[in-house]
Amino acid sequence: MKRHLACLAGGLSLALALTGCGKGSSSDSGGSDGRTIRFVAAKYDDDTQAYWTALIKDFESANPGYRVNLEVVDWEQMDSKVKTYVQTKQEPDILNYNKFSDFARDGLVHKAQDVVSPKVLTDFLPLFRQKAQYEGTQYGLPFISSARLFFYNKDIFAKAGIDRPPSTWAEVEAAAKKIKQAGYIGLGLPLGPEEAQAEFQIWAMNNGGGWTDASGKWAIDQQANVDTLTYLRKLTKDKVTQPNPETTNRKDVFNQFAQGRIGMLNGAVFMRKGFIDPVDEKLNYGVAPLPSKDGSTHKTLGVQDYLVAFKKGDGSNKAAVKKFLDFFYQKENAAEFVSTEGFLSVTKSAGEVLSSDSRDAAYYKPFVDALSDAEFAPTDDPAWAAVDGAVKQRIGTAVAGGDPAKVLGEIQKTAQKGD
């Protein structure tokens, strides 16, 4: 499951951009004339809708007769929306999502080579192109990437008498208790349904656990994962986290950190633009490696989202889909989305555009460096869609009084059934 980023230099050296969440909006659905397509985009923050609206206007002006009907959906609603689209055979022409391989397995989506030009295909950075493959063929179109590191409030640390960010789990626990005594929330722990799978993986992989074993077989109920949830449950019971981690979403603790209420948490590259700067540009915070149980190694979570193009009847939509996707992946257009949202670029050309602005180099460098040895969720396994859903719904119950071994055992059965 580990992926290496050997080709980040140059293209990704400062490929930046950002994420958040909010309410979705929509327009009318796509047509069947071969020149009108429907695009469902995930809402990363309040800038997402404006970006796509402007891009579509430019596209339609440059391509008379073509039309793109836009629907923007909040990430919290996206899984259920997509499930409904597929079950009712109302899939959009293009979908912006964090999974793709189950669609590829079921023959629902086009191969990447059929919906973008060779120029676009070769522009994707190798790491992300590899992660977009199912059984050796690329179906997903890399869209954005992100890396996770440990954020801590320097002023809160000073008030609590902590002189450096924690490296081990024992240090995390000790620091959280001191921060609580100083009158703040010690550790932000979002295990609600928005992105519980990422939060759990961050902790599990830094305890020698994860989704699979060394052979690649599902091993969600392995002892290292049980021990991870047992540790997180102890922090919850000791009340050094925010109340009710099992129902708290990522955006909730990111907002509280930006407000200066949380001492430390597992954060993402887009936190600065999406959460911190809009609230307090002068917030005194630092970024450090993710703590591990013994402090000897520190693994980073990499995240990648995709665009996929669904097959439609006789394929009459393919030309319009390709025209729009090639338009989006023009370097200036792709770079604008990444820089607006605060993510890392997945294409060489957009990365080069962004690298020309050195103002953000100091902030983005540790995230780019961390991606070189990052671990990703197994999105290339079709069973991941079911596992991802089960984790989002169940993993939080293990810190709220449930039995960690039993919860993980249930998710393991979901994975095996998916296989």
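A quick note: this is a predicted structure, and the numbers were derived from the prediction, not measured.

Draft legend 1. Quick look at the pattern of salt bridges. By the definition in use, this model includes 18 salt bridges. We note a salt bridge from Arg 105 to Asp 106, for which the minimum N-O separation is 2.9 Å. Owing to a relative accessible area of 39%, Arg 105 belongs among the partly exposed residues under this scheme. A salt bridge links Asp 238 to Lys 234; the shortest N-O distance between them is 2.9 Å. Asp 238 sits in the partly exposed class, given a relative accessible area of 29%. Among the charged side chains, a salt-bridge network with shared partners connects Asp 79, Lys 99, Asp 388 and Lys 392.

Draft legend 2. Up close: unusual backbone geometry. The backbone of Glu 135 shows a phi angle near 50 degrees, a positive value even though the residue is not glycine. Structurally, Glu 135 can be placed in the loop between strand S5 (133–134) and strand S6 (137–138). At Lys 239, a position not held by glycine, the phi torsion is positive, near 60 degrees. For Lys 239, a relative accessible area of 61% puts it in the exposed group.

Draft legend 3. Representation of the nonpolar core within the structure. Residues Trp 52, Phe 324 and Phe 328 are the most contacted members of the largest nonpolar core, which totals 89 residues. Within the second largest apolar cluster, 48 residues are counted, among which are Phe 150, Tyr 152, Leu 235 and Val 240.

Draft legend 4. Representation of the packing of aromatic side chains. The final tally for this structure, using the stated rule, is 39 aromatic pairs. Aromatic side chains Phe 100 and Tyr 306 sit 4.9 Å apart centroid to centroid with 55 degrees between the ring planes, which places their arrangement in the tilted category. Note that Phe 100 is positioned in the loop between strand S4 (94–97) and helix H3 (101–105) and Tyr 306 in strand S11 (residues 302–309), a separation of 206 residues in sequence. For the pair Phe 100 and Tyr 306, one class covers both residues: buried. In this arrangement the basic side chain of Arg 35 is found over the ring face of Tyr 66, its NZ or CZ atom lying 4.3 Å from the centre. The cationic tip of Arg 272 hangs over the ring face of Tyr 363; the distance from NZ or CZ to the ring centre is 4.5 Å.

Draft legend 5. Region of interest: the confidence of the model for the protein. Across the protein, the average pLDDT comes to 90, with 91% of residues at 70 or higher. Here residues 1–30 is a poorly scored stretch, pLDDT under 50, and it has 138 contacts once near neighbours within four places are set aside; other chains count.

Draft legend 6. Seen up close, the side chain of Ser 117. Mapped onto the elements, Ser 117 comes out in the loop between H3 and helix H4 (118–123). In contact with Ser 117, not counting residues within four places along its chain, are Lys 322 and Asp 326.

Draft legend 7. View of the domain arrangement of the protein. Here the protein is partitioned into domain 1 (2–145 + 304–375) and domain 2 (147–302 + 379–417). Put simply, the middle of domain 1 and the middle of domain 2, counted by C-alpha atoms, are 27 Å apart. Residue-level contacts link 34 residues of domain 1 with 31 residues of domain 2. With both chains or domains summed, domain 1 and domain 2 bury close to 2700 Å², and 56% of this area falls on carbon and sulfur atoms. The three residues of domain 1 that bury the most area against domain 2 are Tyr 363, Phe 367 and Glu 375, which together make up 26% of that side's buried surface. Counting across the interface, domain 1 meets domain 2 through eleven residue pairs in polar contact (both at pLDDT 80 or more). Element by element, the count of residues in the side of domain 1 that touches domain 2 is highest for helix H15 (residues 361–370), at five residues.

Definitions and cut-offs
Residues numbered from 1 in each chain as written. Predicted model: local features only at pLDDT ≥ 70, side-chain atom pairs only at ≥ 80, totals over all residues. Heavy atoms only, no water. Salt bridge = Lys/Arg side-chain N within 4 Å of Asp/Glu carboxyl O. Buried < 20%, exposed > 50% of the residue type's maximum accessible area, 1.4 Å probe, protein only. Helix = DSSP H or I, 4+ residues; strand = E, 2+ residues; numbered from the N terminus. Core = buried A, V, L, I, M, F, W, Y, C linked by side-chain atoms within 4.5 Å. Phe/Tyr/Trp six-rings, centres within 6.5 Å; stacked < 30°, edge-to-face > 60°. Lys NZ or Arg CZ within 6 Å of the ring centre and 35° of its normal. pLDDT = per-residue confidence, 0-100. Contact = heavy atoms within 4.5 Å. Domains from an automatic or database assignment. Buried area = accessible area lost by both parts, 1.4 Å probe. Polar contact = N/O pair within 3.5 Å; in protein donor to acceptor, adjacent residues only side chain to side chain.

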